[in-house]
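Examination of the molecular architecture
Here is what each chain is made of, one letter per residue.
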Amino acid sequence: MENADRSFERSADADAIESIVRRRRIQRLWHLSRVDHLKSIFSKRGLLSRAKMDQAGIAYDMSSWGAAGKDEELKDYICCSLASPWGMARHDSDSKVLLQLQPSLLWRDGTLFSPDWSSHNEITLSSLLRNNTARVFDSMFQNSTTDFPSPAPGEILIPHSIDLAYFIPLMFFHSEQSKDYALNELWGVNLPDGRAVTESYRLLVGANQFRGRY
């Protein structure tokens, strides 16, 4: 994917991170959004950080980053995770959708690895920038082979935007009602190549993806 994207710049530790991803067989990243955001996401050709949304005049109505000032500090990052973010997905689940993204974003320049919940006071942008290494990424797991982070969900912060080219064509919904709402929202919305989103993506009901224990 990165070879087809001229804007993709590899991080300084890209080779080492890519090797870790292969060793652990990490196949996807997760991003939690709202079903009623899907039309905007596909119309805007991808995910935007809060800073980019502000520039585009798009209102942000997802959850905050927790500590005072954290929203402002991390406003140009998109929060993703190595495991399905059950903690945030299990509340008001029918309003939410789980998107999957290509793991190559892990070695894109500027991607940050949070060793604990990024909402915690001790996790700051400066600390994340200082520890943005393959070693820190590898330390987010309990052993040398698992793909499941500890602590879960293993937050990954990706700057600026994520183009649709990095989307895996699959979405999970909590119920048939939620899926049907998404189909209605996406009716008539096309991908850049002209294909309809509803014909190009698999829309699946997977309630188990919305609950679990860390």
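Residues numbered from 1 in each chain as written. Predicted model: local features only at pLDDT ≥ 70, side-chain atom pairs only at ≥ 80, totals over all residues. Heavy atoms only, no water.

Moving on to the overall build of the protein. On a plain count of helices and strands, the protein comes out with nine helices and nine strands. In terms of overall size, the protein behaves like a compact globule, its C-alpha atoms giving a radius of gyration of 17 Å where 214 residues would be expected to give roughly 17 Å. Principal-axis analysis of the C-alpha atoms places the extent of the protein at approximately 45 × 35 × 35 Å. Counting every position in the protein, which comprises 214 residues, the buried fraction comes to 48%. Sequence separation of 24 or more characterises 83% of the internal contacts of the protein that already satisfy a separation of 6 or more. (Helix = DSSP H or I, 4+ residues; strand = E, 2+ residues; numbered from the N terminus. Rg over C-alpha atoms; globule rule 2.2 N^0.38 Å. Buried < 20%, exposed > 50% of the residue type's maximum accessible area, 1.4 Å probe, protein only. Contact = heavy atoms within 4.5 Å.)

Applying the stated rule across the entire model yields one cavity of 30 Å³ or more. One number sums up the size of the largest cavity: a volume of about 60 Å³. For the lining of the largest cavity, the per-class residue count stands at seven nonpolar, three polar and two charged. (1 Å grid on protein atoms, 1.4 Å probe; cavity = no way out; pocket = protein on both sides within 12 Å on 5 of 7 lines; lining within 4 Å. Points joined across faces, edges and corners; volume = space filled by probe spheres on them. Nonpolar A, V, L, I, M, F, W, Y, C, P; charged D, E, K, R; others polar.)

For the rest of this paragraph, the subject is the nonpolar core. Counting 42 residues, the largest nonpolar core has Leu38, Phe42, Leu106, Phe137, Ile162, Phe167 and Met171 as its most contacted members. Residue assignment for this core shows that the elements contributing at least two residues are α1 (14–24), α2 (38–43), β3 (77–81), β4 (96–101), α7 (134–138), β6 (155–159) and β8 (167–173). The contact partners of leucine 38, leaving out residues within four places of it in the chain, are Val97, Leu99, Met171, Phe173, Ala182 and Leu186. (Core = buried A, V, L, I, M, F, W, Y, C linked by side-chain atoms within 4.5 Å.)

With that settled, consider the packing of aromatic side chains. Tallied over the full model, the rule gives seven aromatic pairs. An angle of 40 degrees between the planes, with centres 4.9 Å apart, marks the rings of phenylalanine 113 and phenylalanine 137 as tilted. Of the two residues, phenylalanine 113 sits in strand β5 (residues 112–113) while phenylalanine 137 sits in helix α7, which places them 24 residues apart along the sequence. Accessibility classification places phenylalanine 113 together with phenylalanine 137 in one group, the buried group. Pairwise contacts between aromatic rings join Phe42, Phe167 and Tyr201 into one cluster. (Phe/Tyr/Trp six-rings, centres within 6.5 Å; stacked < 30°, edge-to-face > 60°.)

The next thing to look at is the state of the cysteines. Going through the model one piece at a time under the given rule, you end up with zero disulfides. Sulfur of cysteine 79: no disulfide; nearest cysteine sulfur belongs to cysteine 80 and is 6.7 Å away. The class for cysteine 79 is partly exposed, based on a relative accessible area of 29%. We classify cysteine 80 as buried; its relative accessible area is 1%. (Disulfide = S-S within 2.5 Å.)

On to the side chain of serine 49. Relative to the helices and strands, serine 49 is located in the loop between β2 (46–48) and α3 (50–56). Among residues more than four places away in sequence, those in contact with serine 49 are Lys75, Asp76, Tyr77, Ile78 and His160.

So, on to unusual backbone geometry. The peptide bond linking serine 150 to proline 151 adopts the cis configuration, its omega dihedral lying at 0 degrees. Among the secondary structure elements, proline 151 is positioned in the loop between α7 and β6. The residue after alanine 152, namely proline 153, is reached through a cis peptide bond having omega 10 degrees. Looking at the element boundaries, proline 153 is found in the loop between α7 and β6.

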